[in-house]
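A closer look at the structure
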Amino acid sequence: MIDRILLLILFLIGFYGIIVKKNVIKKIFGLTILNSTIVMLFVLEGSKIGSHVPILEENITPIVDPVPQALMLTAIVIGVCVTALALSIVYRLFNSTGTFDIDEIRSKLYKDEE
Amino acid sequence: MADRMKNNKISIFYKLQIFLAFAAVAAVLLPVFLNDSHWPVFARDYLEANGEEQTGAANIVSSIYLGYRAYDTLGETIVLLVAVSGTIGIISFTGKNLATGYNEDDFEGGNRKNRKRTVLMEVVTGKLGPVILIFGLYVMLFGHMSPGGGFQGGVVIASGIIFISLGTGGSENNILSHSGVLAKIEAVSFLLLVLASAIGLITGIGFFANPFNGNPIPPVGYIILLNAMIGLKVGAGIAYMSVAMLGDTDL
Amino acid sequence: MITIILVLLIALSVFTLQHRDLLQGVVALSAFSLLSAMLFYMLRAPDVAITEAAVGAGVSTVIFVWAVKSTDRKDES
């Protein structure tokens, strides 16, 4: 129980990084922390019902649940794709506005409309 | 916007918005994180009894994502392909910041810019790179019976190619950090992956079905084949992206 | 032991989000990935541990370092 409360705190820290921080790179840090937290939650839950790794050998019976591990393997690789794409978009934004602050980026991009 | 934020009333409103967002997320996620029901065991029991027999792989995780759920793996490789090409495209649209040969406007090639490199980094990364490549091949090809598989081995191979590219310093010295070679390896291995998935269509047992049934090749051969294709594709794609990004930066 | 690793992960994530120097934040995020790989190993998921160590501590760090070095390193806000 204490582990899952700590994971909830970790999730809220990542969420705080996304919605409160002004720096765009720190928003991507928050996104990475969110992704890792969800992976940890699934693997922690799946490891409750066994005591051995899911590689079959002789006389090793209660293995952990392999289904969450196979799903989270996909999630990690998709996570690095999201990170790379977000960083390239941030790089374009920095080249055209010269700042990382999300408010300044908005005021510079929509200067003509206001 | 910065002027408006100095207004006190709007600032209180902004903090209230953030507080409400936190409260909503916590209220939604609290039952999810604190759910104390028993984890179901029937999937584990079924896979433990039948997994090795049906797919041939002793590593049950590998038998799931290459045997039972192979569609997911194909979609994941497509997502990786789109992400790599989108990243390279977005950066090279303006960029002078990729390595020589990767930018759109100087695609004729040319000498890579001399980077600041120390002897320590050159020795460590250049000599450690081939060892990491061999370890990546081991992880990739033995994914059916030990921890590892296509994705893990591919990413380790990409790390090895990044090390070689950092250590030897440029496209003149080795062929692995050349832009065209990596892109061609990625394209060809993705084509081979799609062809390997379509073997079952020709023999009439379905898409992504295992065509090897023991004579002469045991069923685990299909897992090894798919692992090798996915590993080459993932490794070449991620190494392409990373080598392009590292090229013009003084690390 | 798992609880200790989770507390360390919380400390590292707070350091990553609060530090002014973005490059040190990237290094802290890399350490975060390594610690979570160790956590996966202790939770009997060696496949996920290898993936997290190679992706999170290797490739993701390379991409972040590229982005920070080719733009701006300081966080003024």
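Remember, predicted model here, so these are calculated numbers, not experimental data. (Residues numbered from 1 in each chain as written. Chains lettered and ligands numbered in written order. Predicted model: local features only at pLDDT ≥ 70, side-chain atom pairs only at ≥ 80, totals over all residues. Heavy atoms only, no water.)

Taken together, the 13 residues of chain C in the interface contact 18 residues of chain B. A buried area of about 1,400 Å², summed over both sides, lies between chain C and chain B, and 78% of it is on carbon and sulfur atoms. Summed over the shared surface of chain C and chain B, the number is zero salt bridges. Counting across the chain C and chain B interface gives four residue pairs in polar contact (both at pLDDT 80 or more). (Contact = heavy atoms within 4.5 Å. Buried area = accessible area lost by both parts, 1.4 Å probe. Salt bridge = Lys/Arg side-chain N within 4 Å of Asp/Glu carboxyl O. Polar contact = N/O pair within 3.5 Å; in protein donor to acceptor, adjacent residues only side chain to side chain.)

This brings us to the layout of surface pockets. Approximately 430 Å³ is the volume attributed to the largest pocket. Lining the largest pocket are 19 residues; nearest its centre among them are B:S159, B:F163, C:A57, C:G58 and C:V59. Elements with a minimum of two residues in the lining of the largest pocket: helix 6 (119-141) and helix 7 (150-168) of chain B together with helix 3 (46-69) of chain C. Among the elements that make up the lining of the largest pocket, the one with the highest residue count is helix 3 of chain C (nine residues). (1 Å grid on protein atoms, 1.4 Å probe; cavity = no way out; pocket = protein on both sides within 12 Å on 5 of 7 lines; lining within 4 Å. Points joined across faces, edges and corners; volume = space filled by probe spheres on them. Helix = DSSP H or I, 4+ residues; strand = E, 2+ residues; numbered from the N terminus.)

When pLDDT is averaged along chain C, the result is 87, and 96% of the positions lie at 70 or above. Within chain C, helix 2 (residues 22-42) of chain C carries the highest mean pLDDT (91), whereas helix 3 of chain C carries the lowest (86). (pLDDT = per-residue confidence, 0-100.)

On the surface, B:F135, B:L137, B:Y138, B:L141, B:F142 and B:M145 cluster together to form a nonpolar patch covering roughly 570 Å² of accessible area. Mapped onto the elements, B:F135 comes out in helix 6. (Patch = residues over 30% accessible without salt bridge, like charges linked within 9 Å, V, L, I, M, F, W, Y side chains within 5 Å. Areas by Shrake-Rupley, 256 points an atom, 1.4 Å probe, with all protein chains shown as cover.)

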